[in-house]
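Here is what each chain is made of, one letter per residue.
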Amino acid sequence: MTTAQRHAPIVGSSPAAGAGPATAPLAPAGTDAVQMIWHGEDDTRAFAHALARRPALANAFIELHGDLGAGKTTLVRHLLRALGVPGRIKSPTYAVVEPHEVAGLAIWHFDFYRFNDPREWEDAGFRDLFAAAGLKIAEWPEKAAAFLPHADLVVRIEVQPDDSRRVTLLAQTDTGRALLP
């Protein structure tokens, strides 16, 4: 996946008048893919809040794909807020993982953007984290693809010329299907 040269961040963008997250199937009924358009951050927040209400989220692994500035971290922040994570929610770009826990739910937010050394996987105990119960969310999963388990839900965020986001959700497991809108 290539990194775009310029993307306006979704943070602070305003939604189109009367717009909500538009959802449309990518393929005929019965498939496990959904496509949405987010017109602004309010749509990202609405999706995150809806996702947070799904019981299957408690033990899901979600991959987030998109160029720099597409809105991956913004989505995670809204999701963590919706799950009740208090305080500052920072990106794990340098730490690689930020753990959170709310109401007995363990959450790990990974950012593999700077992941370069396979030994880091074992040294950091990532194998154990992915084997444990809880929600795992990974930005830049392609950087650690050889080590990651199969994701339940893949989220692709693409910035459009009008700065909206085309979001593709691909469920790869029963858990992932339970997370689809």
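Every value quoted in this text rests on a predicted model; they were computed, and no experiment measured them.

S.K.: Honestly, the overall build of the protein chain in this entry has me stumped. Any pointers?
M.R.: Of the regular secondary structure elements, the protein chain holds five helices and eight strands. Looking at the protein chain residue by residue over its 181 residues, the buried ones come to 46%. For the protein chain, the proportion of contacts with a sequence separation of at least 24, taken over those separated by at least 6, is 63%.

S.K.: Just to check I follow, could you spell out helix H1 (residues 41-52) for this structure?
M.R.: Every α-helical turn comprises 3.6 residues, leaving residues that sit three or four positions apart pointing alike. For H1, spanning twelve residues, the distance from its first C-alpha to its last is 16 Å, which sits close to the expected 16 Å at 1.5 Å a residue. By the burial criterion, the buried members of H1 are Glu-41, Asp-43, Thr-44, Phe-47, Ala-48, Leu-51 and Ala-52.

S.K.: I'm lost on the pairing of strand E6 (residues 135-139) in this one. Help?
M.R.: Residues in a regular strand point their side chains to alternate faces of the sheet. Of all the five residues making up E6, five are buried; the element is thus mostly covered by neighbouring parts of the structure. Burial along E6 is two-sided: Leu-135, Ile-137 and Glu-139 facing one way and Lys-136 and Ala-138 facing the other are all buried. Sheet analysis places strand E3 (residues 61-65) next to E6, joined by four bridges and oriented parallel. Paired with Leu-64 across the strands is Glu-139, a residue of E6.

S.K.: Please clarify how the pattern of salt bridges should be interpreted in this entry.
M.R.: Note on pairing: side chains with opposite charge can pair once their charged atoms come close. Throughout the structure, instances matching the rule amount to four salt bridges. Arg-177 is the salt-bridge partner of Asp-32, the closest N and O atoms lying 2.9 Å from each other. With a gap of 145 residues between them, Asp-32 in the loop between strand E1 (22-25) and strand E2 (33-38) and Arg-177 in helix H5 (residues 174-179) connect regions that are remote in the sequence. Close ionic contact of Asp-174 with Arg-177 constitutes a salt bridge, the shortest N to O distance being 2.6 Å.

S.K.: I'm lost on unusual backbone geometry in this one. Help?
M.R.: For residues that are not glycine, phi is negative in most cases, and the peptide bond is trans in most cases. We note that Trp-140 has phi near 55°; this positive angle belongs to a residue other than glycine. Along the polypeptide, Trp-140 turns up in the loop between E6 and strand E7 (153-159).

S.K.: I'm lost on helix H2 (residues 72-83) in this one. Help?
M.R.: Counted at 1.5 Å a residue, the expected span for H2 with its twelve residues is 16 Å, and the 17 Å between its end C-alpha atoms agrees. With respect to burial, H2 is a largely interior element, nine of its twelve residues being buried. Among the residues trailing H2, Gly-84 stands out with phi positive, at a value near 100°.

S.K.: Looking at this structure, how should I read the side chain of His-109?
M.R.: With respect to the secondary-structure elements, His-109 resides in strand E5 (residues 105-111). Of the polar contacts made by the side chain of His-109, one reaches the side chain of Glu-139; its length is 2.6 Å. The contact partners of His-109, leaving out residues within four places of it in the chain, are Val-76, Lys-90, Pro-92, Val-96, Val-97, Glu-98, Ile-137 and Glu-139.

S.K.: What am I meant to see in the packing of aromatic side chains here?
M.R.: Here a ring pair, both rings aromatic, is described through the centre-centre distance and the interplanar angle of the planes. In the structure shown here, the tally under the stated rule is nine aromatic pairs. Judged by centre distance (5.0 Å) and plane angle (80°), the rings of Phe-61 and Phe-130 are edge-to-face. Taken together, the positions of Phe-61 in strand E3 and Phe-130 in helix H4 (residues 126-131) put the pair 69 residues apart, joining distant regions of the chain. A residue is classified by how much of its surface remains accessible, and Phe-61, at 4% relative accessible area, is buried. Ring geometry for Phe-112 against Phe-126: centres 6.0 Å apart, planes inclined by 85°, an arrangement best described as edge-to-face. With Phe-112 in the loop between E5 and helix H3 (118-123) and Phe-126 in helix H4, the pair connects residues that are 14 residues apart, well separated along the chain. One Lys or Arg, Lys-143, reaches over the ring of Tyr-113 and ends 5.4 Å from the middle of that ring.

S.K.: So what exactly am I meant to see when it comes to the nonpolar core here?
M.R.: Generally speaking, nonpolar side chains in soluble globular proteins are found buried as a group. By size, the foremost hydrophobic cluster in this structure holds 33 residues, and its most contacted members are Ile-62, Leu-79, Leu-83, Leu-135, Val-155 and Leu-169. Residue assignment for this core shows that the elements contributing at least two residues are E2, H1, E3, H2, E5, E6, E7 and strand E8 (165-171). If you tally residues by element for this core, the top one is H2, at five residues.

Cut-offs applied
- As a convention, each chain's residues are numbered from 1 in the sequence order in which they are written.
- Selection of residues for local features in this predicted model requires a pLDDT of at least 70, selection of side-chain atom pairs for listing and counting requires 80 or more, and totals for whole chains, interfaces and linings are taken over all residues.
- Think of the side-chain values as coming from all heavy atoms in the structure, minus any hydrogens and water.
- By the criteria applied, helices consist of DSSP H or I runs no shorter than four residues and strands consist of E runs no shorter than two, each listed in order from the N terminus.
- For each residue, the accessible area found with a 1.4 Å probe, counting protein chains only, is set against the maximum for its type, and the residue is called buried under 20%, exposed over 50%, and partly exposed in between.
- Contacts between residues were defined by any pair of non-hydrogen atoms, one from each residue, lying within 4.5 Å.
- Given a helix with a known number of residues, its expected span is that number minus one, times 1.5 Å.
- Note: two strands are recorded as paired if DSSP finds a minimum of 2 bridges between them.
- Salt bridges are counted wherever a side-chain nitrogen of Lys or Arg sits within 4 Å of a carboxyl oxygen of Asp or Glu.
- Definition of a polar contact: a pair of N or O atoms within 3.5 Å, with one able to donate and the other able to accept a hydrogen when the atoms are protein atoms, and with sequence-neighbouring residues admitted only if both atoms are side-chain atoms.
- The pairing test for Phe, Tyr and Trp rings, Trp by its six-membered ring, is centres within 6.5 Å, and the orientation test on the planes gives stacked under 30 degrees, edge-to-face over 60, and tilted for anything in between.
- By the criterion adopted, a ring carries a charge over it if an Arg CZ or a Lys NZ lies within 6 Å of its centre and within 35 degrees of its normal.
- Think of a nonpolar core as a cluster: buried Ala, Val, Leu, Ile, Met, Phe, Trp, Tyr and Cys residues, connected wherever their side-chain atoms sit within 4.5 Å.

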